[in-house]
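Understanding the architecture of this molecule
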Amino acid sequence: MNDDRKSKLIARDKAMRQARDKMLRLVFQYLPTVGFTKAGDGHFVSQTENQTNHIGFQKHTSGREVRVMSHVTMDGSTGTSILGPRSDAYTRPNPPNGIRYNLSWSTRDEDIARCADEYCRFINDVLIGWFANPVSPEGMA
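Being a predicted model, the structure only gives us computed values, none of them experimental.

1. Considerations on the overall build of the protein
Per the secondary structure count, the protein includes 2 helices and 5 strands. Along the longest, intermediate and shortest principal axes, the C-alpha atoms of the protein span 55 × 30 × 30 Å. Out of the 141 residues in the protein, the part that is buried amounts to 36%. Long-range pairs, those at least 24 residues apart, make up 47% of the contacts in the protein between residues at least 6 apart in sequence. Total accessible area computed for the protein in this model is approximately 8,300 Å², and 50% of it derives from carbon and sulfur atoms. Charge-centre separation for the protein: the mean point of 19 positive side chains lies 7 Å from the mean point of 16 negative side chains.

2. Digging into the sheet that holds strand E5 (residues 81-83)
Read from one edge of the open sheet, 5 strands run E1-E2-E3-E4-E5, paired in antiparallel fashion. Each of the sheet's edge strands pairs with one partner strand only, and the pair in question is strand E1 (37-40) and E5. This sheet shows a mean twist of 30° between the axes of neighbouring strands, independent of strand direction. With 5 bridges connecting them, strand E2 (residues 43-47) and strand E3 (residues 51-59) associate as antiparallel partners. Considered in E3, the bridge of histidine 43 is made with glycine 56. Lying over the sheet, helix H1 (residues 3-30) contacts E2, E3 and strand E4 (66-74), oriented at roughly 165° with respect to E3. Its contacts with the sheet place helix H2 (residues 109-132) against E3, E4 and E5, and it is angled at close to 20° to E4.

3. Some points on the nonpolar core
Counting 30 residues, the largest nonpolar core has Met23, Val27, Ile55, Phe57 and Tyr119 as its most contacted members. Sorting the residues of this core by element identifies H1, E3, E4 and H2 as the ones contributing at least two each. In terms of residues, this core owes the most to one element, H2, which gives 11 residues. With residues up to four places along the chain from it excluded, the contact list for phenylalanine 57 reads Leu24, Val27, Phe28, Leu31, Gly42, Phe44, Val66, Arg67, Val68 and Ile123.

Rules behind the numbers
- Residues numbered from 1 in each chain as written.
- Predicted model: local features only at pLDDT ≥ 70, side-chain atom pairs only at ≥ 80, totals over all residues.
- Heavy atoms only, no water.
- Helix = DSSP H or I, 4+ residues; strand = E, 2+ residues; numbered from the N terminus.
- Buried < 20%, exposed > 50% of the residue type's maximum accessible area, 1.4 Å probe, protein only.
- Contact = heavy atoms within 4.5 Å.
- Areas by Shrake-Rupley, 256 points an atom, 1.4 Å probe, with all protein chains shown as cover.
- Lys, Arg positive; Asp, Glu negative; His and termini not counted.
- Charge placed at Lys NZ, Arg CZ, Asp CG, Glu CD.
- Pairing = 2+ DSSP bridges.
- Axes fitted to C-alpha atoms, helices over the stretch in contact; angles between N-to-C directions.
- Core = buried A, V, L, I, M, F, W, Y, C linked by side-chain atoms within 4.5 Å.

Okay, structure coming up:
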C-alpha cells in the first residue's frame, strides 16, 4: 500500500471515530431522559424496584461500529445477571422484533443525527421493554 493511500485511510478512520463519538454524545444525552445515569465510560444504569438495568456501548477501534449490550442484575443476588438483547441481531435481516435498525453513519451531520435517533429508537423499542420483563435471550425465541 502506498503512503498516500495509507494516509487517506488513517484520516478516514480518524474522521469516522470523531463522527462516532459525536453520535454517541447525542445518544448519551438522551439516556438520562429515560432514567439512566452514567456509571462509567459507555456504561449506563437505572435502578428499579428489584433490579439494576445496564446498557453498555462497545466501540470498535475502526470507528465504524458500536455494539449496544444490556443486562440486568437482580437485587439481593450475589452477582446474578441476566444477559439481554444486543444490537447486532437488530441490524441484520430478520431481526427478533421484525424491525431492522440502521445503526451505521458517515461523517455527515445528517447521518450522525439519524444514526443517534436509530440508537435511541432501539433503546426504546427493544431494551426498555426487555428491562420490564427480563428473559434470557435463549428464552426469547
